[in-house]
Amino acid sequence: MYKVLLQKRYKGDLIKSQSVIKKLKFSTFIPLIIITIGFVFFIINSYNKLTELHTLKANVTHITEISKLINHLQQERGLSSGYLGSDGEKFKQKLLQIRKAVDTAFENSLQIYGKDKESYLAKKRIVTQIRKKIDTKEIATSNAFDFFTKRIKHIQFIYLKSAIHVDDTFLNNKLQCYTNLSFMKEALGQIRGTFNGILTQNKIDKELIHRAIHAKGMYDTSMHRYESVASKDFLELLDNVKSSSDYQYIETVTTAYFSHTPQKSLENPEVWFQKTTHVINQFYQIEKKYLSNIDIYITHKINNTMIELYIDILLFLLILFFTFWISLKLKNEIIKNIRLLNEYKNAVDRSGIVSKTDITGKIIYANDRFCSISGYAREELLGKPHNIVRHPDMPKSAFKNMWETILAKKPWYGIVKNKKKDGGSYIVEVTINPILNHDGEIEEFIAIRNDITKVVKLHEDLEHTQEDLIYRMGEIGETRSQETGFHVKRVAKYSELLAHYYGLSIQEITYLKTASPMHDIGKVGIPDSILNKPGKLTQEEWRTMKTHANIGYELFRDSDKPLLKTAAIIAYEHHEKYDGSGYPRGLKGEKIHIYGRITALADVFDALGSDRCYKKAWDDKRIFKFLKEERGKHFDPQLVDIFFEHLDEFLQIRDYYRDTSSFMQE
């Protein structure tokens with residue numbers, strides 16, 4: 001009798017009379033709430049846009065002041081170099097004048113040091129101390145140059161934080177152009193300062209020449225970046241500067257000194273400083289024009305945003321008026337919608353695996369598809385707890401989370417593995433919704449499922465196929481260099497163990513273990529004559545050999561699959577060294593991805609203990625000594641510590657996967 005009543009209960013109309021009242025309330029109040037929320041959203045959005053624009057405008061004003069400060073500091077650096085290089089005989093008056101200008105600019109830009117005045121005064125004292133050393137000639141020209149360069153870079157860093165990436169394409173372009181131009185100007189300022197020191201000394205100062213060459217490289221790089229993004233009108237301004245006689249003079253002098261053929265007629269420090277300063281000031285004028293354009297554009301955006309705000313308010317008032325009229329019409333649609341909702345219910349029942357339970361979790365309804373997939377008759381299910389189909393593989397925590405969610409009157413979505421009557425299993429996507437009565441209390445729960453057993457199986461097969469394919473490709477890279485497949489297997493196992501003790505997530509460990517065999521896949525692009533050469537490689541051959549890291553990276557870099565992205569990282573960075581002396585990019589410390597740091601240690605440990613065409617295997621004592629010596633140099637010190645803390649486990653892996661053992665043992 002109980003089962004019959006349960007069946008009738010579900011077959012009755014799910015939409016009760018109280019639902020009509022709730023629908024009527026919904027038709028009146030919910031649209032108003034939605035409109036109000038929408039209005040608030042637009043107001044907040046417009047306000048945030050205005051705030052961001054005003055902040056950006058303030059930053060531009062701030063950058064303008066700082067740009068002036070940097071320009072004066074660059075001149076002080078150049079004059080200081082000339083003063084020291086001439087042993088105090090030249091540029092003294094100009095140096096005193098520019099110092100006053102710098103101090104004034106510092107005062108105007110006090111906010112770059114924050115509101116902490118003590119911090120500002122401390123930094124200013126350092127500048128004063130250096131100036132005293134310059135006046136008494138107690139500091140070398142190169143050291144004074146380095147001091148000012150460091151201060152300028154520090155200030156540039158502060159204001160560049162203001163020139164952050166913005167979504168607006170125009171602003172982003174202008175800020176990039178301005179940044180590259182400021183780097184060009186700074187590089188030229190460094191060249192001015194170094195050569196001013198050289199020319200006043202009337203001799204070749206290797207320290208200053210070295211700094212000048214570095215600055216020239218920075219200048220050329222910044223120039224290339226600037227020319228790639230600058231607009232036509234600003235490129236014309238730059239071309240005008242480059243075609244000037246002063247700019248040509250700078251090119252002539254620097255080229256002569258860089259080629260070790262300085263011309264005496266060109267070695268006049270006063271002329272040099274005057275002409276370079278004129279060119280730098282022209283760059284400064286272009287900088288100011290950029291900032292002016294940006295400021296005008298931001299002002300225009302602020303005005304447009306204000307107009308948008310007024311329009312939003314007007315639209316809100318108009319929509320509010322029509323909402324009351326529309327809500328009246330919605331009431332007439334509710335009765336029709338009740339009928340449609342019942343049709344939708346029936347459609348779901350026919351297309352999905354549906355069950356209902358009471359608030360205690362006892363099944364009060366199960367449709368035909370539920371009975372078919374579970375293997376139970378409906379009579380065997382009704383009145384029973386829903387855990388009758390619970391599979392032992394499902395953790396209790398999953399169901400704990402489910403109950404906490406639905407008892408909080410929220411829908412729960414998840415993927416669940418269920419048990420059939422015959423002991424088999426099936427996997428479903430399930431959405432469980434609490435059904436509330438007119439008082440807002442839970443009446444029952446309805447669960448709608450889709451069978452995804454075949455999809456999950458197919459996905460698992462694809463993952464296994466992908467993993468196997470990656471491992472096979474890794475073997476290809478190793479066998480080309482006459483190394484066994486056990487090398488990549490051992491590297492994968494070492495990497496897995498290091499990642500585990502390092503504290504990576506299970507997913508990260510899985511990706512690392514699976515992708516690490518691809519660390520040398522780039523060797524497929526290296527000629528056999530280099531790859532298998534028994535003797536020492538020439539410099540040209542070594543340069544070719546090192547490209548295998550880039551080749552491996554390029555193979556996978558454009559993939560959107562996490563596993564292949566991991567393979568790209570490993571191939572690209574497993575030859576980087578912790579102290580920055582590795583290749584291909586010379587990354588240092590934790591700038592090297594943890595995948596690269598782990599694979600580097602695993603690969604080297606295995607390679608040292610294995611025979612290669614160019615060397616014999618090392619014994620353990622020599623290997624361990626090398627790893628300890630390279631702690632913090634080649635390898636991440638934390639990983640080296642982990643290695644020795646768990647050395648027995650690594651040696652077990654090595655012994656298990658020796659090249660002489662059977663690969664089918666695993």
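Above this text is the structure in question.
Residues numbered from 1 in each chain as written. Predicted model: local features only at pLDDT ≥ 70, side-chain atom pairs only at ≥ 80, totals over all residues. Heavy atoms only, no water.

K.L.:
Can you help me understand the overall build of the chain in this one?
P.N.:
Regarding its fold elements, the chain presents 23 helices and five strands. When the 666 residues of the chain are sorted by exposure, 44% land in the buried category. Contacts in the chain between residues at least 24 apart in sequence constitute 66% of all its contacts with a sequence separation of at least 6. Within the structure as shown, the chain displays about 35,600 Å² of accessible surface, and the carbon and sulfur contribution to it stands at 57%. (Helix = DSSP H or I, 4+ residues; strand = E, 2+ residues; numbered from the N terminus. Buried < 20%, exposed > 50% of the residue type's maximum accessible area, 1.4 Å probe, protein only. Contact = heavy atoms within 4.5 Å. Areas by Shrake-Rupley, 256 points an atom, 1.4 Å probe, with all protein chains shown as cover.)

K.L.:
Is there a simple way to think about the pairing of strand β5 (residues 442-451) in this case?
P.N.:
The side chains of a regular strand alternate between both faces of the sheet. Here strand β1 (residues 353-357) pairs with β5 via five bridges, running antiparallel. Opposite T357, over in β5, you have F445 as the bridge partner. Pairing of strand β4 (residues 425-436) with β5, which is carried by nine bridges, proceeds in the antiparallel orientation. Residue V428 lies in a different strand from β5, and its bridge partner there is D451. What sits between the antiparallel neighbours β4 and β5 is a turn of five residues, in which G440 has the positive phi angle 80 degrees. (Pairing = 2+ DSSP bridges.)

K.L.:
Looking at this structure, I do not really get the sheet that holds strand β2 (residues 363-366). What am I missing?
P.N.:
Note on sheets: strands pair through backbone hydrogen bonds, and any given pair is parallel or antiparallel. If you walk across this open sheet you meet the five strands as β2-β1-β5-β4-β3, and the pairing is antiparallel. Strands with a single pairing partner mark the edges of an open sheet, and in this sheet they are β2 and β3 (412-419). Geometrically, the sheet is characterised by an average inter-axis angle of 30 degrees between neighbouring strands, direction not taken into account. Where β1 lies against β2, three bridges are found, and the strand directions are antiparallel. From the neighbouring strand, S355 faces β2, where its bridge partner is A366. With respect to the sheet, helix α13 (residues 396-407) is in contact with β3, β4 and β5, its orientation differing from that of β3 by roughly 140 degrees. (Axes fitted to C-alpha atoms, helices over the stretch in contact; angles between N-to-C directions.)

K.L.:
It is not clear to me how the packing of helix α16 (residues 506-515) against helix α19 (residues 562-573) should be interpreted in this structure. Could you clarify?
P.N.:
Between two packed helices, the angle of one axis relative to the other and the distance separating the axes together describe the packing. Axis separation between α16 and α19 bottoms out at 9 Å; the angle between their running directions is 60 degrees. When the axes of α16 and α19 are compared, the pair comes out oblique. Crossing of α16 against α19: the hand is right-handed. Each of Y511, L512, T514 and A515 in α16 lies in contact with α19, whose residues at this interface are P562, L563, T566, A567 and I570. Taken together, the residues that form the contact of α16 with α19 break down as seven nonpolar, two polar and no charged. (Parallel < 35°, antiparallel > 145°, perpendicular 65-115°, else oblique. Left-handed = near helix turned anticlockwise from the far one by under 90°. Nonpolar A, V, L, I, M, F, W, Y, C, P; charged D, E, K, R; others polar.)

K.L.:
Please clarify how the nonpolar core should be interpreted in this entry.
P.N.:
In summary, soluble globular proteins display a tendency toward joint burial of nonpolar side chains. Counting residues in each nonpolar core, the largest one holds 43 residues, and the members touching the most others are Y226, F283 and Y290. Of all the elements, helix α6 (residues 169-201) adds the most residues to this core, at twelve residues. Among all residues touching Y226, those that are not within four sequence positions of it are C177, N180, L181, M184, F234, L235, L238, I286 and Y290. In this structure, A499, I509, L512 and Y595 belong to the second largest nonpolar core, which totals 38 residues. (Core = buried A, V, L, I, M, F, W, Y, C linked by side-chain atoms within 4.5 Å.)

K.L.:
What is the right way to look at the packing of α6 against helix α7 (residues 206-229) in this model?
P.N.:
Contact geometry of α6 with α7 gives a least axis separation of 8 Å together with a crossing angle of 155 degrees. Overall, the two elements α6 and α7 adopt an arrangement that is roughly antiparallel. The interaxial crossing formed by α6 with α7 has left-handed handedness. Of the residues in the contact of α6 with α7, the class split is 18 nonpolar, eight polar and four charged.

K.L.:
In this structure, what is going on with helix α18 (residues 539-556)? I would like to understand it.
P.N.:
Maximum bend of α18: about 25 degrees, positioned at A549. Every buried residue of α18 is listed here: E541, M545, H548, A549, G552 and F556. (Bend = angle between axes of the 7 residues up to and from the residue.)

K.L.:
Which parts of the structure should I look at to understand the environment of H54?
P.N.:
Turning to its location among the elements, H54 is positioned in helix α2 (residues 17-85). Distance from H54 to I298, taken between C-alpha atoms, is 8.1 Å for residues 244 residues apart in sequence.

K.L.:
Could you clarify how one ought to interpret the pairing of β1 in this entry?
P.N.:
The element β1 is largely enclosed, with a buried count of five among its five residues. Residue alternation in β1 divides its side chains into two sets, I353, S355 and T357 and V354 and K356, and both sets are buried. The turn joining β1 and β2, which pair antiparallel and follow one another in sequence, is formed by five residues; a positive phi near 95 degrees is taken by G361.

K.L.:
Is there a simple way to explain a nonpolar patch on the surface in this structure?
P.N.:
A contiguous nonpolar patch, built from I307, I311, L314, L315, L318, I319, F321, F322, W325 and I326 and spanning about 1,000 Å² of accessible area, is present on the exposed surface. Along the chain, F321 turns up in helix α10 (residues 269-351). By relative accessible area, which is 60% here, F321 ends up exposed. (Patch = residues over 30% accessible without salt bridge, like charges linked within 9 Å, V, L, I, M, F, W, Y side chains within 5 Å. Salt bridge = Lys/Arg side-chain N within 4 Å of Asp/Glu carboxyl O.)

K.L.:
Help me out: how do you make sense of unusual backbone geometry in this one?
P.N.:
With the exception of glycine, the majority of residues adopt a negative phi angle, and the majority of peptide bonds are in the trans configuration. Cis peptide bonds are those with omega within 30 degrees of zero, and the linkage from Y583 to P584 qualifies with 10 degrees. With respect to the helices and strands, P584 occurs in the loop between α19 and α20 (594-608). At F91, a residue that is not glycine, the phi angle is positive and equals roughly 70 degrees. A relative accessible area of 8% means that F91 is categorised as buried. Its identity as a non-glycine residue notwithstanding, K409 has a phi of 70 degrees, on the positive side.

Honestly, it's all geometry; don't read function into it.
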